[in-house]
Amino acid sequence: MVTCVPALEQISCAEGDPQVYCPEDTGVTEAVRVNDCGSPEDSGSQNEPDYCNSEDSGQLMASYEGNARGYQVPPFGWRICLAHEFAEKRKPFQANNVSLSNLIKHFGMGLRYLKWWYRKTQVEKKTPFIDMFNSVPLRQIYGCPLGGIGGGTITRGWRGQFCRWQLNPGMYQHQTVIADQFTVCLRRNGRTVYQQVLSLERPSVLRSWNWGLCGHFAFYHALYPRAWTVYQLPGQSVTLTCRQITPILPHDYQDSCLPVGVFVWDVENQGDETLDVSIMFSMRNGLGGEDDALGGLWNEPFCLQRDGKTVQGLLLHHPTPPNPYTMAVAARCTADTTVTHITAFDPDSTGQQVWQDLLQDGQLDSPAGQSTPSKKGEGVAGAVCISSKLPPRGQCCLEFSLAWDMPRIMFGAKGQIHYRRYTRFFGSDGDVAPALSHYALCQYADWENRISAWQSPVLDDRSLPAWYKSALFNELYFLADGGTVWLEVPEDSLPEELGENMYQLRPILQDYGRFGYLEGQEYRMYNTYDVHFYASFALVMLWPKLELSLQYDMALATFKEDLTRRRYLMSGVVAPVKRRNVIPHDIGDPDDEPWLRVNAYLIHDTADWKDLNLKFVLQVYRDYYLTGDQGFLKDMWPVCLAVMESEMKFDKDQDGLIENGGYADQTYDGWVATGPSAYCGGLWLAAVAVMVQMAVLCGAQDVQDKFSSILCRGREAYERLLWNGRYYNYDSSSQPQSRSIMSDQCAGQWFLRACGLGEGDTEVFPTLHVVRALQTIFELNVQAFAGGAMGAVNGMQPHGVPDRSSVQSDEVWVGVVYGLAATMIQEGLTREGFRTAEGCYRTVWERLGLAFQTPEAYCQQQVFRSLAYMRPLSIWAMQLALQQQQHKKGKRPVVTQGTRLSTEPEHEPKKSWTNLSPE
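Thresholds applied
Residues numbered from 1 in each chain as written. Predicted model: local features only at pLDDT ≥ 70, side-chain atom pairs only at ≥ 80, totals over all residues. Heavy atoms only, no water. UniProt positions renumbered as here; feature names shortened; annotations may be inferred. Helix = DSSP H or I, 4+ residues; strand = E, 2+ residues; numbered from the N terminus. Domains from an automatic or database assignment. Contact = heavy atoms within 4.5 Å. Buried area = accessible area lost by both parts, 1.4 Å probe. Salt bridge = Lys/Arg side-chain N within 4 Å of Asp/Glu carboxyl O. Polar contact = N/O pair within 3.5 Å; in protein donor to acceptor, adjacent residues only side chain to side chain. Buried < 20%, exposed > 50% of the residue type's maximum accessible area, 1.4 Å probe, protein only. Pairing = 2+ DSSP bridges. Axes fitted to C-alpha atoms, helices over the stretch in contact; angles between N-to-C directions. Nonpolar A, V, L, I, M, F, W, Y, C, P; charged D, E, K, R; others polar. Core = buried A, V, L, I, M, F, W, Y, C linked by side-chain atoms within 4.5 Å. Parallel < 35°, antiparallel > 145°, perpendicular 65-115°, else oblique. Left-handed = near helix turned anticlockwise from the far one by under 90°. Phe/Tyr/Trp six-rings, centres within 6.5 Å; stacked < 30°, edge-to-face > 60°. Lys NZ or Arg CZ within 6 Å of the ring centre and 35° of its normal.

S.K.: Give a detailed account of the UniProt feature "domain: Glycosyl-hydrolase family 116 N-terminal" (unreviewed entry) in the protein chain, specifying residues and quantitative values.
M.R.: The sites that UniProt annotates as "domain: Glycosyl-hydrolase family 116 N-terminal" (unreviewed entry) are residues 143-447. Segment residues 143-447 splits into 11% helix and 43% strand. End C-alpha atoms: 20 Å apart.

S.K.: I'd like to hear about the domain arrangement of the protein chain, residue by residue, with values.
M.R.: Under the domain assignment, the protein chain is made up of domain 1 (91-123), domain 2 (150-449) and domain 3 (489-889). For domain 2 versus domain 3, the distance between C-alpha centres works out to 41 Å. With 24 residues of domain 2 at the contact, the number on the domain 3 side is 24 residues. Carbon and sulfur atoms make up 56% of the surface buried where domain 2 meets domain 3, a total of about 1,800 Å² over both sides. Remark: the boundary between domain 2 and domain 3 carries zero salt bridges. At the boundary of domain 2 with domain 3, the tally comes to 16 residue pairs in polar contact (both at pLDDT 80 or more).

S.K.: Residues and numbers for the pairing of strand β13 (residues 275-284), please.
M.R.: Across the 10 residues that make up β13, a large majority, nine, are buried. Here seven bridges tie strand β7 (residues 181-188) to β13, and the two strands are oriented antiparallel to one another. The partner of Q181 across the bridge, within β13, is S282. Inspection of the sheet shows β13 paired to strand β18 (residues 381-390) by 10 bridges, in the antiparallel sense. Residue pairing across strands places M283 opposite G382, the latter belonging to β18.

S.K.: Provide a residue-level description of the sheet that holds strand β10 (residues 226-233), including the pertinent values.
M.R.: The strand order across the open sheet formed by nine strands is β1-β9-β10-β11-β12-β19-β16-β15-β14, and the pairing between neighbours is antiparallel. Both edges of this open sheet fall to β1 (78-81) and β14 (298-306), since each of them pairs with a single strand only. Across the sheet, the axes of successive neighbouring strands diverge by a mean angle of 15 degrees, strand direction being ignored. Packed on one face of the sheet, helix α6 (residues 433-459) meets β9 (218-223), β10, β11 (238-245), β12 (260-269), β14, β15 (309-318), β16 (325-333) and β19 (395-405) and runs near 110 degrees to β19.

S.K.: Tell me about the packing of helix α11 (residues 529-542) against helix α12 (residues 544-558), and please be specific about residues and values.
M.R.: Contact geometry of α11 with α12 gives a least axis separation of 7 Å together with a crossing angle of 145 degrees. Contacts from Y529, H532, S536, L539, V540 and L542 in α11 reach P544, L546, E547, L550, Q551 and M554 in α12. Class assignment of the residues belonging to the contact of α11 with α12 gives a composition of eight nonpolar, three polar and one charged.

S.K.: Explain the pattern of salt bridges to me, and be specific about the residues and the numbers.
M.R.: Pairs may arise between side chains of opposite charge once their charged atoms sit close together. Following the criterion strictly, the structure yields 41 salt bridges and no others. Ionic pairing is found between R597 and D592, a salt bridge with its closest N-O pair at 3.0 Å. On the basis of relative accessibility, which here comes to 25%, the residue D592 falls in the partly exposed class. Each member of the salt-bridge network shares a partner with another, and the members are R226, R243, D266 and E448.

S.K.: I'd like a rundown of the sheet that holds strand β17 (residues 337-345), residues and numbers included.
M.R.: Pairing is antiparallel in the open sheet, where five strands are placed in the order β8-β7-β13-β18-β17. On the outer flanks of this sheet lie β8 (191-197) and β17, each paired with one strand and no other. Looking at each pair of strands side by side, their axes are set apart by 20 degrees on average, direction ignored.

S.K.: So what's going on with unusual backbone geometry? Which residues, and what values?
M.R.: Cis geometry is found at the peptide bond from Y224 to P225, where omega equals 15 degrees. Of note, P225 is situated in the loop between β9 and β10. For the peptide bond that leads from P321 to P322, omega is 5 degrees, which places it in the cis range. Notably, F852 is not glycine yet its phi reads approximately 55 degrees, a positive angle. In this fold, F852 is placed in the loop between α20 (830-847) and β31 (857-858). Even without glycine at this site, Q862 takes up a positive phi of about 80 degrees. Here Q862 is to be found in the loop between β31 and β32 (863-865). Classification of Q862 by relative accessible area gives exposed; the value is 57%.

S.K.: Which residues make up the nonpolar core, and what are the values?
M.R.: With 282 residues, the main nonpolar core has W78, W265, L402 and W876 as its most contacted residues. Broken down by element, the residue count for this core peaks at 15 residues, all from helix α15 (residues 678-697). Beyond its immediate chain neighbours, meaning those up to four positions away, L402 contacts L146, I154, F162, P259, V260, G261, F263, F281, M283, M327, A328 and V329. Grouped together as the second largest cluster of nonpolar side chains are 17 residues, I178, W211, W355 and A383 included.

S.K.: Residue-level account of the UniProt feature "domain: Glycosyl-hydrolase family 116 catalytic region" (unreviewed entry) in the protein chain, with values.
M.R.: According to UniProt, the positions carrying the feature "domain: Glycosyl-hydrolase family 116 catalytic region" (unreviewed entry) are residues 513-878. Taken end to end, residues 513-878 is 45% helix and 9% strand, and its two terminal C-alpha atoms sit 28 Å from one another.

S.K.: Quick one: what's the story with the packing of helix α18 (residues 767-783) against α20, residue by residue and with numbers?
M.R.: Packed helices, taken two at a time, are described by their axes: the angle between them and the distance between them. Contact geometry for α18 and α20: axes closest at 11 Å, N-to-C directions at 20 degrees. On the basis of the axis angle, α18 is roughly parallel to α20. At the point where α18 passes α20, the crossing takes the left-handed sense. In this structure, α18 uses F778, V782 and Q783 to contact α20, whose residues at the interface are R831, E832, R835 and T836. Residue composition of the contact of α18 with α20, by class: two nonpolar, two polar and three charged.

S.K.: Break down the packing of aromatic side chains for me, citing the residues and quoting the values.
M.R.: By the definition in use, this model includes 60 aromatic pairs. Between W454 and F473 the ring centres are 5.3 Å apart and the planes differ by 90 degrees, which places this aromatic pair in the edge-to-face class. With a gap of 19 residues between them, W454 in helix α6 and F473 in helix α7 (residues 466-474) connect regions that are remote in the sequence. On the accessibility criterion, F473 (0% relative accessible area) is buried. Both rings, one in W750 and one in F751, keep their centres 5.3 Å apart while their planes meet at 80 degrees; by these two values the pair is edge-to-face. Pair check on accessibility: W750 and F751 agree, each one buried. Taken together through their ring pairs, the aromatic side chains of W78, Y220, W467, Y468, Y477, F478, F515, Y517, F834, Y841, W845 and F852 make up a single cluster. A cation over an aromatic ring shows up here: K469 above the ring of F76, its NZ or CZ 3.9 Å from the ring centre.

S.K.: How would you sum up the environment of L358? Please name residues and give values.
M.R.: Mapped onto the secondary structure, L358 falls in helix α4 (residues 352-361). By relative accessible area, which is 0% here, L358 ends up buried. Sequence separation of L358 and I342 is 16 residues, and the distance between their C-alpha atoms is 9.9 Å. Once you skip the residues sitting within four places of it in the chain, L358 turns out to touch T183, C185, Q195, S278, M280, Q363, L364 and C385.

Right under this line is the structure:
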């Protein structure tokens, strides 16, 4: 029999009468208090520090009314009360946001895109790589994703919902699955006194469950790859802390690829009575969409004992082609816990049977055997429950895992079978979900120790602002949740002829696999190279072998050609898909066959883009500098020579400086540049300077002399044509916008300094000019834009009005701003750098509610563009700049731990920069 909670504890979260849950049709006549939200008076000492109002939580915690601080929740990270509502609701960028003048400019492109979009969606039945008519709508709900790198990801929102899914490679489903929940049951003296779904939802299904948790006494705290949710249960003298852990481990190429997540529930009983606590983890088999409608889904219990440790739970088999998988919901068995389950229930029903099963005794019935395969149009779900007893003032730990085993994948073209990286360690037969669960539950403590050792030097550094500590780690979500794949490379898939010239190509790709991540969750192209230029700092600093693998893939693609002709949408010109000896824009669309068919991007013919080849050369030297891998540099040297030879044709007047072609022929693909420009001209000079350095290292005197001559002439032309005394002009055309102040004008200098070049004997751009340009950008693009609170606008006119000559010049690009901030730090403008970057973080994470979906761009008002984008990973360039700054001062680098610093000259490689783990 169950009883009501005492009347004094019945405090409702909503106005009106308290809600009391009465079981239906059970024969039980007494009601059970299951949904109260008062002011718990006994959930923590009043004189303890208020950790919930930790530094920098600001308005996001203004709605929090509790005093629980949670169990071992760190002080730094992104923290938000579950009751918080974001006041500002922006919309995705659409055609009606384009000015009339820009609509006229792009009218032809719009017609060509509409025709292409119709053929793609209605005839080919495919998803466009960029769908301008169906942007992902604003949902201010996302939290830390689950899952390692390249095995698929499942995002759990900050209010606890499982709401964003990337199981099929590179393809996202944005939907909340209502049955996927945690539920708590509390029992005292053999009676259930409290049972609540830990969700603020009030859905139309599973209505027998008690929904509508009051969010005012709960908060979420994210410090990727971990997250904490703290629930102060009303009137129960109980605090729950759910800690979410994913194995994202720098310099680890095994556990970091595992498709697993762990949920550790620390339960604190602050009362004077013994307490029985149960946590139930329910999960639907599939997402409830079209993939599930075919039926044939089935669940079964499992128990795995290994090395004296036992894990048991449920397997949810989802055999739907082309990428079948098995999900495992599991719990660790200990001497102090009891694990039970229910194999199958209908997630679209009222859910009464499951609710009453748990309510009766705090456990589930645990039927044996597998469930009957679901019928067409029917859904099936299951649940696992852990129960334990807490003494007065006691604490217990309940451990769950979620694992998914999709070992063999096919991309949208369904032409080839690929094996995910984790199959190297666990096998590829599709039966390793129990083993993954067991491994995760036995290893997560070690993962946490390694994560802490990696993050602590940053978190403990009192000179760094709190927002930066949150941004640096939380922006890393995209390395796993960027539609990321990490694949095994069969030995027979690599070309023999190139393998003979690139001696490390086979060892790198076969030992470390093939890596791909999308330009953005809405811009579906793998390894978009002009954007990777910015984001690559995170990869090379944390998983350098994956950066080298990506570079080898780019080198392979450079020497290939695809002469299939197609019409490009911006110009209407018909030209080949890919020409030889130029860097591809991207490695392909996951809805096609990436790596086999590159250049999914068809807005421009990027063979004539001015930045791609230069960015390859700069990244090759940067990667050599940071890793010290001489074999890599030797392998890349012929590729660099080839792409620079292709680039030479853009210097039409032979003055040592390339010219833009009068259209948007670079990463700013909606912003026209004509003649010599600050951005592409600066990248060109930096690449030429790097070629001089590589020629020295490779013993190529003739090449050294050639590029030294070009550099000498190019520097003079760049200064003469573009420097105006305060900054470098946008370009050298006669258009009014040529005088615009581009926030990204020092990108070439940024990369030179990241490579230990760009000053002293290797100076390319006069230091006084660089510093003056950065000061001008800070004065106008930052401080004169939105009160200095939104980062740096891409283009600003000299009189302090944003440049609206294009659809991109008046946007803020978050990844560009982080790169700009890194450049400021490199040049000694550290305060300005942090102030500039802070505006972006606070706009995205605190004002717009775009956590874990940082967009490519936003405007001063109304809109954002391209959610969950690659480029903001460039914040790790700020970290590199700080490390290099500390090294110059003779101090220990900010992030490195147990690292021996080199005392070689600045332009020599620094192996230490990528050694960010304590091993």
